[in-house]
Amino acid sequence: MARVELKNLCKDYPGGIQAVKNVSLVVEDREFVVLVGPSGCGKSTTLRMIAGLEECTSGEIHIDDVLVNDVPPKNRDIAMVFQNYALYPHMTVYKNMAFGLLLRKYPKSEIDRRVHEAAEILGITELLNRRPRELSGGQRQRVAVGRAIVRQPKVFLFDEPLSNLDAKLRVQMRAEIAKLHARLQSTMIYVTHDQVEAMTMGDRIVVMLDGVIQQVSSPLHLYRHPANRFVGGFIGSPPMNMIEGRLARENDRLFFIDALSGIRLQISEDKTGALASYAGKAVILGIRPEHFSSATEQGKEQVISGTVEMVELTGAETHLYLKTGKRILVARVSPQKIPALGEHYVLQVDAAATYFFDESTQEIIV
């Protein structure tokens, strides 16, 4: 297949708008890389520049070590799957899938072989004589993927392909695409704003914000070791709790104190060394919802108390929203005992699993 390399890629629009800023990234041969971030972060623009649908303002795009900046999209040997499927409504599924090969004047026998092979992989053989209007959203998406597969390109590009599907079908289709990658052993670059999608599909995840890459890593490393406050808060559902406060030294012990919520937590010994120079300074404390547990003793140093503001029941787990002072924190707790709204509740914090970010740079401290 192919290796894709981006070198200092930039995209500027009139009015001084910088959609993509000095993006450098290597996608290895047969790798599945996901670009993720909020709307407007530059991920789709980056993908469209790789496809040749957008011109880059500066920088270089290499596919298999060949500079393709001036190569037309049709000659880049890539296939793109769009959010809106982009199927021809007047053509059957068969003709939609075969159209690109017909334009390239492939023999009819080769076209027929490739179309039926792709249809078999995707489980849409019985749909080949239907038209797009006769298909469900999930079936249309399979056809769009099938049209890409028959091309047998060096690189597959996916631009938020599941965003128009319902929740159940999204889960099913992301599993199908992951299996497809394992079967085809192809290079895939996938764009989504859904961090759960990114976590469950990618070999590596590229987190973007305001046109800049924030961090590139494997899903679990990204979750456990975020580079900055944005990545820590964006990756994970429910998101990490972020609490602004300051560090104070008392009798050779270090504490995190937040006046808005009344939170006062002793810093665990394993973090004290890295945080020692921040005594008396403002920091941001990050606590993931699963790093809380129900507590009965309020006298401990690692507890947070407040009133239950809201409870979300998801079946296997319960999301508890606790109002403490002027802040609301979310915790993932056992569904065995569900507290009532307005009830006083005490949470134990796993101090060893907390994160601290520099308030001025937003970068991770420990």
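Residues numbered from 1 in each chain as written. Predicted model: local features only at pLDDT ≥ 70, side-chain atom pairs only at ≥ 80, totals over all residues. Heavy atoms only, no water.

**Some remarks on the packing of helix α3 (residues 108-122) against helix α4 (residues 137-151)**
Reasoning step 1: The interhelical angle for the contact between α3 and α4, taken along N-to-C directions, is 135°, at an axis separation of 9 Å. Accordingly, the angle class assigned to the pair α3 and α4 is oblique. Considering the relative orientation of α3 and α4, their crossing is right-handed. Listed contacts from α4 to R114, V115, A118 and L122 of α3 are R142, V145, G146, I149, V150 and R151.
Reasoning step 2: Its residues assigned to classes, the contact of α3 with α4 shows six nonpolar, one polar and three charged. (Axes fitted to C-alpha atoms, helices over the stretch in contact; angles between N-to-C directions. Helix = DSSP H or I, 4+ residues; strand = E, 2+ residues; numbered from the N terminus. Parallel < 35°, antiparallel > 145°, perpendicular 65-115°, else oblique. Left-handed = near helix turned anticlockwise from the far one by under 90°. Contact = heavy atoms within 4.5 Å. Nonpolar A, V, L, I, M, F, W, Y, C, P; charged D, E, K, R; others polar.)

**Examining unusual backbone geometry**
Reasoning step 1: With omega at -5°, the peptide bond leading from S237 into P238 counts as cis.
Reasoning step 2: Tracing the backbone through its elements, the reader meets P238 in the loop between α8 (229-234) and β11 (241-250).
Reasoning step 3: Within the chain, D77 stands out as a residue other than glycine whose phi angle is a positive 55°.
Reasoning step 4: Mapping D77 onto the fold places it in the loop between β5 (66-67) and β6 (78-81).
Reasoning step 5: D77 gets classed as partly exposed once you look at its relative accessible area, which sits at 30%.
Reasoning step 6: The phi dihedral of Q185 is positive, around 50°, even though this residue is not glycine.
Reasoning step 7: Following the sequence through the fold, Q185 ends up in the loop between α5 (167-184) and β8 (187-192).
Reasoning step 8: Here Q185 falls in the partly exposed class, since its relative accessible area comes to 36%. (Buried < 20%, exposed > 50% of the residue type's maximum accessible area, 1.4 Å probe, protein only.)

**Things to note about the pairing of strand β12 (residues 253-258)**
Reasoning step 1: Along β12, five of the six residues are buried, which leaves the element largely enclosed by surrounding structure.
Reasoning step 2: As paired elements, β11 and β12 share five bridges and run antiparallel to each other. Residue pairing in the sheet places R249 in a bridge with L254 of β12.
Reasoning step 3: Linking β11 to β12, which pair antiparallel, is a turn of two residues; within it N251 sits at a positive phi near 55°.
Reasoning step 4: Where β12 lies against strand β13 (residues 263-266), four bridges are found, and the strand directions are antiparallel. Along β13, the bridge assignment pairs I257 with R264.
Reasoning step 5: Here β12 folds back onto β13 in antiparallel fashion, the turn holding four residues, of which G262 has a positive phi close to 80°. (Pairing = 2+ DSSP bridges.)

**Brief notes about the packing of helix α2 (residues 93-103) against α3**
Reasoning step 1: The geometry of α2 relative to α3 is characterised by a closest axis approach of 10 Å and an angle of 135° between their N-to-C directions. Between α2 and α3, the angle falls in the class oblique. The chirality of how α2 crosses α3 is right-handed. On the side of α2, the interface is formed by Y94, M97, A98, L101 and L102, while α3 contributes I111, D112, R114, V115, H116, A118 and A119.
Reasoning step 2: Considering only residue class, the contact of α2 with α3 consists of nine nonpolar, one polar and two charged.

**Quick notes on the pairing of β6**
Reasoning step 1: Alternating residues of β6 divide into I78 and M80 and A79 and V81, and every residue in both groups is buried.
Reasoning step 2: Of the strand pairs in this sheet, β6 and strand β7 (residues 155-159) are connected by four bridges, and their pairing is parallel. Note that in β7 the partner of A79 across the bridge is F156.

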